Structures are given as structure tokens and as C-alpha cells.
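# Structure assessment
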Amino acid sequence: MKKMVILSAFICLICSLASPAFAESYNWGFNKGKNGTPADAGKKFNEMLPEYEAIYKGDTKKKVVYLTFDNGYENGYTSQILDVLKKHGAPGAFFVTGHYLKTAPELVVRMANEGHIVGNHSWNHPDMTSVTDDVIRTELERVKEATEKLTGQKGMNYLRPPRGVFNERTMRIAKKEGYYHIFWSLAYRDWIVDQQKGAAFAHDEVLKQIHPGAILLLHTVSKDNAEALDSILTDLEKQGYTFGSLDEVMIEKQLPNRMLY
């Protein structure tokens, strides 16, 4: 009887250690860019990300900026943001959740129709490191299928991990499902809707961190972002920056390695 109790406890221990909840997880973070110097995520992330073809910045020798937006829910500002992108001829990447697809389908259709990338931000916005492999696949597949049904977009290539939480298991699963993790090298606390500080603050936060190859993360729920975006893009253009697509930065990274040219 005693042996059976010990064996049972040992089996429970092994199962618990194998559970995703006990796997090491990471919160995305980096040293911010300053005075045109690129942001840096540190040795650990810099060595880890290439294995999964994940990125957080483009070519830091080129004055190109990549505009990305997280869309967890609609707060009335996405149309204004899309208007500004159209004015500047700037491509964007919008990472949408299931909630967004269900509640703002007309905006998702507009994103696709105007040539922007619609990316995957998961269906329920969970901490991916705390759920099973099958749940991760389901989270991604539901967004892809709903986006295709709405927009006709075939396939989905880019994933922004919910909450910026990830580990090597989640990146490995996503890669097998055909996704590239898209992190970011420029951001600020813009998502707290009752703590907006004005367009000038948003403008200055972006401009002081800007650097060649920057991947910006902006949340569309932010009133400050919507009101500042035109001046941000105008001033970046004055500094000689252009606006690129994630497709372009991924092609640049893959061509030397895969000899596709």
C-alpha cells in the first residue's frame, strides 16, 4: 500500500512538471532606443528569436519604420487611424482578437481592403504559456478562419503573442502552424484608456524612441495615438523615414538564408 502511495505521488509530480503552467515563460521587454540608437532585447532574446524566425526590429541601417497595432476591442479610434495611414500611404499590421472580429467586422474588412496586414492576436487573448498545445492551435485557427470568412484573406502569417508572454514551446507551436512571432522595439503605456495624457505626449514618446528598423506597437484603443498619429508620421517623414510592411522585412531576412533570389 505504501509503495502504491509513493508511486502515485511520483506520477502526479511528473505530470505537474510536464504541465504548461510549470514551463518557464517570458515577458517581452527590451532596452528602449534613444537618440536614434536601436532598441536592444539583450543576449538571451537576441539568440532565441532567430531560431523561430521571430523578429522585433528590421534592418537598423535603413530608415524604415514598421507600424503595428493591437486590436483587442474597438474604442472608436481605428477608423481615424486608418484614415491617417491612407493619407501617408503607410502600410500597417493589425493584430486582432476573436472579440474584435465579432464586434468590429467592418473595420477588419476595411483593413484588408486598404492593403493592410491582418495578423493573429489569438481568439481569447490568453497567456499562451499556461495553456496546452491544442488550445494554442485552436486559438490561432479560430482567428485565421474568421478573418478568411470576413475578408477572403487566404492564410495568416504573423502572430503577436497575447500580453507579450511567450516561451520556446509557444514559439515552436506557432512556427509549425506557419506563423512568425512579431514582437516590437518601440512602445509606451498607451493602452490604459482612463490614463491618456494627450496627443503631444504620445507624439513625444514615439519620437524619442524612434530608430531605423523600428517596429512600433500602438494600441488602437488609445485616443492619444489616434490624435497624434498624423503628426508622428509627418515628423518621421521629415526625418527621412519611410514606412514598410512586415512582408518586406521578413523577405529581407529570409532571402540571404534561403537563396530565394
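Read on for a plain summary of the structure. (Residues numbered from 1 in each chain as written. Predicted model: local features only at pLDDT ≥ 70, side-chain atom pairs only at ≥ 80, totals over all residues. Heavy atoms only, no water.)

This paragraph deals with the side chain of S222. Mapped onto the elements of the fold, S222 is located in the loop between β8 (215–219) and α9 (223–238). A residue is classified by how much of its surface remains accessible, and S222, at 0% relative accessible area, is buried. Ignoring sequence-local partners within four residues, the contact set of S222 consists of Y77, Y188, D190 and Q196. (Helix = DSSP H or I, 4+ residues; strand = E, 2+ residues; numbered from the N terminus. Buried < 20%, exposed > 50% of the residue type's maximum accessible area, 1.4 Å probe, protein only. Contact = heavy atoms within 4.5 Å.)

Turning our eyes to something else, we now look at the nonpolar core. Residues L67, L85 and L233 are the most contacted members of the largest nonpolar core, which totals 46 residues. Broken down by element, this core gets its largest block of residues, six residues, from α9. Once residues lying within four places of it in the same chain are set aside, the contact partners of L233 are L67, V84, L85, H88, A90 and F243. Counting residues in each nonpolar core, the second largest holds 28 residues, with A41, Y66, I182 and L246 among its members. (Core = buried A, V, L, I, M, F, W, Y, C linked by side-chain atoms within 4.5 Å.)

We now examine the side chain of S185. Its location among the elements puts S185 in the loop between β7 (180–181) and α8 (199–209). Taking relative accessible area as the criterion, S185 reaches 0% and is therefore assigned buried.

Applying the stated criterion to the full structure yields 14 aromatic pairs. With centroids separated by 5.2 Å and ring planes inclined at 20°, the aromatic side chains of W28 and F45 adopt a geometry described as stacked. You can see W28 sitting in the loop between β1 (26–27) and α2 (43–48) and its partner F45 sitting in helix α2, a full 17 residues away along the chain. Between F45 and F166, the aromatic rings sit 5.4 Å apart at their centres with planes inclined by 55°, giving tilted as the arrangement. (Phe/Tyr/Trp six-rings, centres within 6.5 Å; stacked < 30°, edge-to-face > 60°.)

Here we come to the environment of E139. Assignment of secondary structure puts E139 in helix α6 (residues 133–151). Judged by its relative accessible area of 6%, E139 is buried. Distance from E139 to N120, taken between C-alpha atoms, is 9.2 Å for residues 19 residues apart in sequence. In contact with E139, other than residues within four places in its own chain, are N120, S122, W123, N124, H125, P126 and M128. A distance of 2.8 Å separates a polar atom in the side chain of E139 from the backbone nitrogen of W123. (Polar contact = N/O pair within 3.5 Å; in protein donor to acceptor, adjacent residues only side chain to side chain.)

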